[in-house]
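Structural features, examined
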Amino acid sequence: IGYETGEKMLAIITGTINPDQKIDHLTLKDPQERLKQYLDSLCFLIDSGAFSSIIFCENSNYSLDAFEDIKSRAAEKQVKLEVFSFQGDIKEAIDHGKGYGEGEIMDYIFTFSNLLKEASYFVKITGRLRVDNMRDITMRMDTRKTYFNIPNRTIRDFYDTRIYAMPVEQFRTKFRNQYDNVSDNEGIFLENIYTRILREEKIKVTNFPRYPRIIGISGSMGIPYSYVEWKCRIKDLLSRFNYYRVD
């Protein structure tokens, strides 16, 4: 029936370790600090038991030497791990905005990843964030469904792309080549484009089965993400009724 538990789930982690200083809407630009956050997030995911396979891909052509310890850790935990680095199109990213870079990373993964070729489903997470209840989420997911949440209850006109999940083939055919349409300066962000596709294609969107407990710092605004557990318990209940959806 195409249903898998978290034990067989694939995570795609996107990142930019050394972003070009000219890219707008980006506050955290120090490559060492960004690298540390990516490594911390990967460590957490590997240890969490939420995924059997993880792909990490970054688009600033950063040396992958820093990932040797992470690769060893993944091997110890019997988690399959692929790490990619390539040089994205800086001019296009500056012209379009940071969502273009994310789309470019996804396109690269869909071109070169062997783990993706073996998978029918994936969960995408923005690289420097930690989702504390990720295992609880993946153990409850249905790999026939498309999962998105809105960023918070007050922003109801687009879906959050920090974390989402869908079948591989759906992304390949509907979302993969849409990042050219990003234009941050015109207020057309990747979130707007993905939301439009979901609506136009009449793809049924389900909230994550548990509300994601996200920790980290926003790369674009520099604000810290945190959560209060008792409030999240209420959000868990609301998620069952698909409350965190675009109106």
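This text goes with the structure placed above it.
Residues numbered from 1 in each chain as written. Predicted model: local features only at pLDDT ≥ 70, side-chain atom pairs only at ≥ 80, totals over all residues. Heavy atoms only, no water.

Details of the nonpolar core
Of all hydrophobic cores here, the largest spans 36 residues; its most connected members are Phe122, Phe171 and Tyr194. For this core, the secondary-structure elements that each account for two or more residues are strand 1 (10-15), strand 2 (53-58), helix 4 (98-112), helix 5 (114-118), strand 7 (163-167), helix 7 (168-175) and helix 8 (190-200). Once you skip the residues sitting within four places of it in the chain, phenylalanine 171 turns out to touch Met106, Phe110, Phe122, Tyr164, Met166, Arg176 and Tyr194. Listed in part, the 34 residues of the second largest apolar core include Ala74, Val79, Val123 and Met134. (Core = buried A, V, L, I, M, F, W, Y, C linked by side-chain atoms within 4.5 Å. Buried < 20%, exposed > 50% of the residue type's maximum accessible area, 1.4 Å probe, protein only. Helix = DSSP H or I, 4+ residues; strand = E, 2+ residues; numbered from the N terminus. Contact = heavy atoms within 4.5 Å.)

Topic: unusual backbone geometry
Not every positive phi belongs to a glycine, and asparagine 61 is a case in point at roughly 60°. Counting through the fold element by element, asparagine 61 comes out in the loop between strand 2 and helix 2 (68-76). Unlike most non-glycine residues, lysine 202 shows phi in positive territory, near 55°. When you line up the elements, lysine 202 lands in the loop between helix 8 and strand 8 (205-206).

Things to note about the pairing of strand 1
In terms of burial, strand 1 is a largely internal element, six of the six residues being buried. On strand 1, burial covers both faces: Leu10, Ile12 and Thr14 on one face and Ala11, Ile13 and Gly15 on the other are all buried. Of the pairings in the sheet, the one linking strand 1 to strand 2 comprises six bridges and is parallel in character. In the sheet register, leucine 10 faces strand 2, and the bridge partner there is serine 53. Summarising the sheet, strand 1 and strand 4 (residues 121-126) pair through four bridges and their orientation is parallel. Across the sheet, the residue bridging to isoleucine 12 is lysine 124, located in strand 4. (Pairing = 2+ DSSP bridges.)

Quick look at the packing of helix 7 against helix 8
For any two helices packed against each other, one specifies the inter-axial angle together with the distance between the axes. In the contact formed by helix 7 and helix 8, the axes pass within 11 Å of each other and the chain directions differ by 105°. Taken together, the axes of helix 7 and helix 8 lie roughly perpendicular to each other. Where helix 7 approaches helix 8, its residues Phe171, Lys174 and Phe175 are matched on the opposing element by Tyr194, Ile197 and Leu198. Tallied by class, the residues present in the contact of helix 7 with helix 8 amount to five nonpolar, no polar and one charged. (Axes fitted to C-alpha atoms, helices over the stretch in contact; angles between N-to-C directions. Parallel < 35°, antiparallel > 145°, perpendicular 65-115°, else oblique. Nonpolar A, V, L, I, M, F, W, Y, C, P; charged D, E, K, R; others polar.)

Some details on helix 9 (residues 229-240)
In this model, helix 9 (12 residues) spans 17 Å end to end at C-alpha, consistent with the 16 Å of a helix rising 1.5 Å per residue. Asparagine 242, located one to two residues past helix 9, shows a positive phi value of around 60°. (Expected span 1.5 Å × (residues − 1).)

Details of the packing of aromatic side chains
Centre-to-centre distance and the angle between the planes together describe a pair of aromatic rings. All told, the structure shown has 19 aromatic pairs when counted by the stated rule. Here the aromatic rings of phenylalanine 171 and phenylalanine 175 are separated by 5.8 Å at their centres, their planes lie at 10°, and the arrangement is stacked. Of this pair, phenylalanine 171 and phenylalanine 175 are both found in helix 7, four residues apart, which corresponds to roughly one turn of the helix. Judged by its relative accessible area of 1%, phenylalanine 171 is buried. Overall, phenylalanine 175 belongs to the buried group, its relative accessible area being 1%. Members of the aromatic cluster, each reached through a chain of ring pairs, are Phe110, Phe122, Phe148, Tyr159, Tyr164, Phe171, Phe175 and Tyr194. Lying across the ring of phenylalanine 44, arginine 130 places its NZ or CZ 5.3 Å from the centre. It is arginine 156 that lies over the ring of tyrosine 243; its NZ or CZ is 4.6 Å from the centre. (Phe/Tyr/Trp six-rings, centres within 6.5 Å; stacked < 30°, edge-to-face > 60°. Lys NZ or Arg CZ within 6 Å of the ring centre and 35° of its normal.)

Examining the sheet that holds strand 10 (residues 224-225)
Strand order across the open sheet formed by three strands is 5-9-10, with antiparallel pairing between neighbours. One side of each edge strand has no neighbouring strand; the edge strands of this open sheet are strand 5 (130-131) and strand 10. Two strands pair when backbone bridges link them, and strand 5 and strand 9 (residues 214-217) are joined in this way by two bridges, in the antiparallel orientation. For valine 131, the partnering residue across the bridge sits in strand 9 and is isoleucine 214.

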